[in-house]
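Summary of structural features
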Amino acid sequence: MHLVRYHVAVSLDGFIAPMDGSTDWLDPYGKVAMGFIGPWMKQIGGIIVGRATYDQSIGMGGWMWGKTPALVMTSRPIEQGPQTIHAHNGDPAAGLAKLRQRMSEQDLETDIWLFGGGVTAGLFLKHNLIDLVELAVVPVALGEGRPLFSGVATQLTFEHASSQPIGMGCMVSSYRRIEKKAARSAGKR
């Protein structure tokens with residue numbers, strides 16, 4: 001099954017972007033990031049983004065994910081978007097099921113990149129739909145900004161899966177969601 005992997009750059013103080021959503025704080029680390037993300041992308045066959053991330057991508061010169069099937073979580077219609085995207089409002093599990101179906105039609109044995117942002121990641125966390133959290137920790141303290149998960153009061157437990165330094169003080173650490181064990185029935189001891 002296509003795993004949902006929330007892979008994101010995060011500052012030392014836990015923010016994925018400054019309050020304005022800009023990405024220029026990551027510019028000095030671009031070469032290091034591309035050296036890691038290029039091979040990593042070969043494992044990805046679907047993308048999930050929120051509306052703000054979608055709009056930011058379009059504003060930076062167009063949809064950057066080519067023919068990769070994508071789910072855009074949004075309450076607003078998308079006018080003349082790329083044919084590869086599916087706009088979805090509502091239950092994230094239903095949107096994810098449609099994305100997985102589209103990926104299976106292309107016979108892709110790959111995973112899904114939950115690209116951003118924090119509101120969409122919070123929604124998927126709330127619904128227990130994230131299989132892996134992969135943090136590319138960048139040695140910058142932003143002081144304030146957009147959180148890794150926003151608008152969610154859910155507590156889920158993850159276990160450390162791996163860590164890898166990628167250069168310039170950046171570290172990618174992966175955490176796997178721990179499945180809750182089924183509770184014993186009351187009659188068994």
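The numbering scheme is per chain: residues are counted from 1 as the chain's sequence reads. Reporting in this predicted model follows two pLDDT cut-offs: at least 70 for local features of residues, and 80 or more for side-chain atom pairs to be given and counted; totals over whole chains, interfaces and linings ignore these cut-offs and use all residues. Side-chain metrics in this entry use all non-hydrogen atoms of the structure; hydrogen atoms and water are not considered.

So, about the nonpolar core. Think of a nonpolar core as a cluster: buried Ala, Val, Leu, Ile, Met, Phe, Trp, Tyr and Cys residues, connected wherever their side-chain atoms sit within 4.5 Å. Burial classes follow relative accessibility: with a 1.4 Å probe on protein chains only, a residue under 20% of its type's maximum area counts as buried, one over 50% as exposed, and anything between as partly exposed. The biggest cluster of nonpolar side chains holds 21 residues, and the ones touching the most others in it are Tyr6, Ile48, Leu96, Ile112, Leu114, Phe124 and Ile130. Counting from the N terminus, the helices are the DSSP runs of H or I reaching at least four residues and the strands are the DSSP runs of E reaching at least two. Examining the composition of this core, we find that four residues originate from one element, strand 1 (residues 4-11), more than from any other. The contacts of Leu114, once residues within four sequence positions are left out, are Val4, Arg5, Tyr6, His7, Ile48, Thr120, Ala121, Phe124 and Ile130. Counting residues in hydrophobic clusters, the runner-up holds 16 residues, among them Ile47, Trp63, Trp65 and Ala136. Throughout, a contact is declared for two residues whenever any of their heavy atoms are within 4.5 Å.

This paragraph deals with the sheet that holds strand 7 (residues 132-138). The strand order across the open sheet built from eight strands is 5-4-3-6-1-7-10-9, with neighbouring strands paired in mixed fashion. The strands lining the two open edges of the sheet, one partner per strand, are strand 5 (85-88) and strand 9 (158-167). Between one strand axis and the next, the sheet turns by 20° as a mean value, whatever way the strands run. What makes two strands pair is DSSP finding at least two bridges between them. One ladder, built from five bridges, connects strand 3 (residues 44-50) with strand 6 (residues 111-116); its direction is parallel. Residue pairing in the sheet places Ile47 in a bridge with Trp113 of strand 6. With axes taken as lines fitted to C-alpha atoms, and helix axes fitted only over the stretch in contact, angles between N-to-C directions fall between 0 and 180 degrees. Where helix 2 (residues 51-59) meets the sheet, it contacts strand 3, strand 4 (70-73), strand 5 and strand 6, and its direction lies at approximately 105° from that of strand 3.

All right, on to unusual backbone geometry then. With an omega of 0°, the peptide bond running from Gly116 to Gly117 counts as cis. Within the fold, Gly117 resides in the loop between strand 6 and helix 4 (118-126). With a phi angle near 55°, Met168 is a residue other than glycine that sits in the positive phi range. Take Met168: it is sitting in the loop between strand 9 and strand 10 (170-177).

Here we come to the pattern of salt bridges. By definition, a salt bridge exists where a carboxyl oxygen of Asp or Glu is found within 4 Å of a side-chain nitrogen of Lys or Arg. Evaluated as defined, the whole model comprises eight salt bridges. In this structure, the salt-bridge partner of Arg5 is Asp111, at a minimum N-O distance of 3.1 Å. Taken together, the residues span a long stretch of sequence, with Arg5 in strand 1 and Asp111 in strand 6 at a distance of 106 residues. With respect to burial, Arg5 and Asp111 carry one shared label: buried. Note that Arg100 is salt-bridged to Asp131, the shortest N-O span being 4.0 Å. Remark: Asp131 occurs in the loop between helix 4 and strand 7 and Arg100 occurs in helix 3 (residues 92-105); sequence separation between them is 31 residues. The network of salt bridges with shared partners includes Arg100, Asp131, Arg177 and Glu179.

Attention now moves to the environment of Tyr6. Here Tyr6 is to be found in strand 1. Among the residues examined, Tyr6 registers a relative accessible area of 0% and is labelled buried. Separated by 128 residues in the primary sequence, Tyr6 and Glu134 have C-alpha atoms spaced 5.9 Å apart. Excluding its chain neighbours within four sequence positions, the residues that come into contact with Tyr6 are Ile16, Leu114, Gly117, Gly118, Ala121, Ile130, Leu132, Val133, Glu134, Leu148 and Phe149. We define a polar contact as two N or O atoms separated by no more than 3.5 Å, with the added condition that, inside protein, one atom must be a possible hydrogen donor and the other a possible acceptor, whereas residues neighbouring each other in sequence contribute only through side-chain atom pairs. A distance of 2.7 Å separates a polar atom in the side chain of Tyr6 from the backbone oxygen of Leu148.

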